[in-house]
Amino acid sequence: MLAAVDHVQLAAPPGSEELLRAYYGDVLGMAEIPKPPVLAGRGGCWFQAGAVQLHLGIEEDFRPARKAHPGLRVTDIEAYAARLAAHGATVTWDGDLPGHRRFYSEDPVGNRLEFLEPLATDA
């Protein structure tokens, strides 16, 4: 029986680790977490914010995920979008998901990311 999503893995091209660290660490505000030694030699890097983990794995024949994407729930979405834009990241708002505010962005290697926040409901 499924209990939770443990992590999401995205691919990245060889040699992109420093770009990934700058984006996922500095721009998104995630902490890099160590990869197990047996996996560290494969390259890539792992990040965490609260219970959310994103793993970036190196793929020799890399093609960015342009449609597939993780959906990352945020708080204060306006401020978070402003943070990304201030770091030069694209912010593309999309109002098509009822009950949510959301936008899309791309990491520095072209992977699509969705950021969303549920709208407050009147009780």
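In this text the structure is predicted, and so the values were computed from the model without any measurement.

Before going further, it helps to examine helix H1 (residues 17-27). Taken residue by residue, H1 has Glu17, Leu20, Tyr23, Tyr24, Gly25 and Val27 as its buried positions. Taken together, the buried residues of H1 touch strand S1 (8-12), strand S3 (45-49), strand S4 (52-58), helix H3 (77-86), strand S7 (100-106) and strand S8 (112-118).

Looking at where Pro13 falls in the secondary structure, it is placed in the loop between S1 and H1. Spatially, the C-alpha atoms of Pro13 and Ala3 are 31 Å apart, while their sequence positions differ by ten residues. What Pro13 contacts, discounting residues up to four positions off in sequence, is Ile58, Glu59, Phe62 and Val109.

Among the nonpolar cores identified, the biggest contains 25 residues, and Tyr23, Tyr24, Leu28, Leu84 and Phe115 are the most heavily contacted of them. When contributions to this core are tallied by element, the ones reaching two or more residues are S1, H1, S3, S4, H3 and S8. For Tyr23, the residues in contact, after removing those within four places along its chain, are Leu28, Leu84, Ala89, Ser105, Glu106, Asp107, Pro108, Leu113 and Phe115.

Our focus in this paragraph is the sheet that holds S7. If you walk across this open sheet you meet the four strands as S5-S8-S7-S6, and the pairing is mixed. The open sheet is flanked by strand S5 (71-73) and strand S6 (92-94), the only strands paired with a single partner. Within the sheet, the average angular offset between the axes of one strand and its neighbour, ignoring direction, is 30°. Across three bridges, S6 lies against S7 in antiparallel orientation. Note on S7: the bridge partner recorded for Trp93 is Phe103. On top of the sheet, H3 reaches S6, S7 and S8; it is set at about 15° to S7, its chief contact.

Counting buried positions along S4 yields five of seven residues, so the element is predominantly enclosed. Bridge analysis of S1 against S4 gives five bridges, and the strand direction is parallel. Across the sheet, the residue bridging to Ala11 is Gly57, located in S4. Examined bridge by bridge, S3 and S4 share five bridges and lie antiparallel to one another. Its bridge partner lying in S4, Trp46 is registered against His55.

The final tally for this structure, using the stated rule, is seven salt bridges. The residue Glu106 makes a salt bridge to Arg66 at a minimum N-O spacing of 3.6 Å. Of this pair, Glu106 sits in strand S7 while Arg66 sits in the loop between S4 and S5, and the two are 40 residues apart along the sequence. On the basis of relative accessibility, which here comes to 38%, the residue Glu106 falls in the partly exposed class. On the basis of relative accessible area, Arg66 is assigned to the exposed category, the value being 53%. The partner of Arg101 in a salt bridge is Glu78, and the shortest N-O contact between them spans 2.2 Å. Here Glu78 lies in helix H3 and Arg101 lies in strand S7, a separation of 23 residues in the sequence. Connected through shared salt-bridge partners, Glu18, Arg21 and Glu32 make up one network.

What counts and what doesn't
Residues numbered from 1 in each chain as written. Predicted model: local features only at pLDDT ≥ 70, side-chain atom pairs only at ≥ 80, totals over all residues. Heavy atoms only, no water. Buried < 20%, exposed > 50% of the residue type's maximum accessible area, 1.4 Å probe, protein only. Helix = DSSP H or I, 4+ residues; strand = E, 2+ residues; numbered from the N terminus. Contact = heavy atoms within 4.5 Å. Core = buried A, V, L, I, M, F, W, Y, C linked by side-chain atoms within 4.5 Å. Pairing = 2+ DSSP bridges. Axes fitted to C-alpha atoms, helices over the stretch in contact; angles between N-to-C directions. Salt bridge = Lys/Arg side-chain N within 4 Å of Asp/Glu carboxyl O.

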